[in-house]
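Below, each chain spelled out in residue letters.
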Amino acid sequence: KNQVEQSPQSLIILEGKNCTLQCNYTVSPFSNLRWYKQDTGRGPVSLTIMTFSENTKSNGRYTATLDADTKQSSLHITASQLSDSASYICVVSLGGATNKLIFGTGTLLAVQP
Amino acid sequence: SQTIHQWPATLVQPVGSPLSLECTVEGTSNPNLYWYRQAAGRGLQLLFYSVGIGQISSEVPQNLSASRPQDRQFILSSKKLLLSDSGFYLCAWSIGGYGYEQYFGPGTRLTVT
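About the thresholds
Residues numbered from 1 in each chain as written. Chains lettered and ligands numbered in written order. Predicted model: local features only at pLDDT ≥ 70, side-chain atom pairs only at ≥ 80, totals over all residues. Heavy atoms only, no water. Pairing = 2+ DSSP bridges. Helix = DSSP H or I, 4+ residues; strand = E, 2+ residues; numbered from the N terminus. Axes fitted to C-alpha atoms, helices over the stretch in contact; angles between N-to-C directions. Salt bridge = Lys/Arg side-chain N within 4 Å of Asp/Glu carboxyl O. Buried < 20%, exposed > 50% of the residue type's maximum accessible area, 1.4 Å probe, protein only. Disulfide = S-S within 2.5 Å. Contact = heavy atoms within 4.5 Å. Phe/Tyr/Trp six-rings, centres within 6.5 Å; stacked < 30°, edge-to-face > 60°.

Caption draft 1: The sheet that holds strand S8 (residues 72–77) of chain A, seen in detail. Residues and elements named next belong to chain A. Pairing within the open sheet is antiparallel, and its five strands lie in the order S1-S3-S8-S7-S6. Only two strands of the sheet have a single partner each, and these edge strands are strand S1 (3–7) and strand S6 (56–59). Looking at each pair of strands side by side, their axes are set apart by 15° on average, direction ignored.

Here's what the structure looks like:
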């Protein structure tokens, strides 16, 4: 069964600190992996997208890594800001004919002053 | 630039009542369009997708239906709502198939009472 699991479910950190969110997937075939940020009550916004051959990609203070061998990805947030408070969703795109998106349930991050 | 709109933003409907949610995209032609539902504590679930006017594919059996009367208009409907239809409904578009980047609308919060 194609699944995307994220940990932790929720996380509280102080403003200015770094944090790392984890994503494990059992998806085959694999096309690409994406990280989205979703503010409460809003639609998700793409942060990064990585293909099989990419093992790291940055977008400002967000850095995503991908290990296609172990089927793990992480999202590292540097020098967190209050505006980083949101749900972060890991999404894997199936390759092949269907090319569906498989969504994780997200990690809810709260950044406190 | 491209913009995606959804309305209404929030909706409270009694069980058994009909439903119509609308999504429109501006600034692009012939987009792929998607309807997702996000239930509390669960990942986004693809409900319908469309690659062109009048072309609708359903991902899961349910009492919902979708239509695409115009190139950039996507409508989600139900004749009789169930309590289990409550959730956050998101419309998305992409320039190509599933593997391409998807851009999400602001969402509609539906509560069935």
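Caption draft 2: A look at the pattern of salt bridges. Tallied over the full model, the rule gives five salt bridges over all chains. Across the pair Arg-34 of chain A and Glu-101 of chain B runs a salt bridge, and its minimum N-O distance is 3.9 Å. Of this pair, Arg-34 of chain A sits in strand S4 (residues 30–38) while Glu-101 of chain B sits in the loop between strand S9 (87–94) and strand S10 (103–104), placing the two residues on different chains. The class for Glu-101 of chain B is buried, based on a relative accessible area of 18%. As a salt-bridge pair, Lys-57 of chain A and Glu-54 of chain A come within 3.0 Å of each other at their nearest N and O atoms.

Caption draft 3: Fine view of the state of the cysteines. By the definition in use, this model includes two disulfides over all chains. Across the disulfide, Cys-23 of chain A is cross-linked to Cys-90 of chain A (sulfur-sulfur distance 2.1 Å). Because the sign of the S-S torsion sets the handedness, a value of about -70° for the bond joining Cys-23 of chain A and Cys-90 of chain A places this disulfide among the left-handed ones. Placement of the pair is Cys-23 of chain A in strand S3 (residues 19–26) and Cys-90 of chain A in strand S9 (residues 86–94), with a sequence separation of 67 residues. As far as burial versus exposure is concerned, Cys-23 of chain A and Cys-90 of chain A are alike and both buried. Shown here is the disulfide that connects Cys-23 of chain B with Cys-91 of chain B, its sulfur atoms set 2.0 Å apart. With the S-S bond torsion at -75°, the cross-link from Cys-23 of chain B to Cys-91 of chain B turns out left-handed. Remark: Cys-91 of chain B occurs in strand S9 and Cys-23 of chain B occurs in strand S3 (residues 19–26); sequence separation between them is 68 residues. Classification of Cys-23 of chain B as buried rests on a relative accessible area of 0%. Accessibility expressed as a relative area gives 0% for Cys-91 of chain B, which makes it buried. Cysteine Cys-19 of chain A is unpaired, with the sulfur of Cys-90 of chain A as its nearest cysteine sulfur at 15 Å.

Caption draft 4: Spatial organisation of the environment of Gly-87 of chain B. Residue and element names in this part refer to chain B. By the secondary structure assignment, Gly-87 is in strand S9. On the basis of relative accessibility, which here comes to 9%, the residue Gly-87 falls in the buried class. Through-space distance from the C-alpha of Gly-87 to that of Leu-11 is 10 Å; in sequence the pair is 76 residues apart. Setting aside anything within four residues of it in sequence, one finds Gly-87 in contact with Gln-38, Thr-108, Arg-109 and Leu-110.

Caption draft 5: Layout of the environment of Val-111 of chain A. Residues and elements named next belong to chain A. Within the secondary structure layout, Val-111 lies in strand S11 (residues 107–112). As for Val-111 and Ala-86, which are separated by 25 residues in sequence, their C-alpha atoms are 8.8 Å apart. Every residue in contact with Val-111, bar those within four places of it in the chain, is listed here: Ile-13, Leu-14, Glu-15, Ser-80, Gln-81, Leu-82, Asp-84 and Ser-85.

Caption draft 6: Focus on the packing of aromatic side chains. Per the counting criterion, the structure on display carries ten aromatic pairs over all chains. Ring centres of Tyr-25 of chain A and Phe-30 of chain A lie 5.2 Å apart, and the angle between their planes is 20°; on these two criteria the pair is classed as stacked. For Phe-30 of chain A, a relative accessible area of 18% puts it in the buried group. Note on Phe-103 of chain A and Tyr-36 of chain B: the rings are 5.3 Å apart at their centroids and 75° apart in plane angle, and the pair reads as edge-to-face. Placement of the pair is Phe-103 of chain A in strand S10 (residues 101–103) and Tyr-36 of chain B in strand S4 (residues 32–38), with the two residues belonging to separate chains. Accessibility expressed as a relative area gives 1% for Tyr-36 of chain B, which makes it buried. Counting every residue linked through ring pairs, the aromatic cluster contains Tyr-36 and Phe-103 of chain A together with Tyr-34, Tyr-36 and Phe-104 of chain B.

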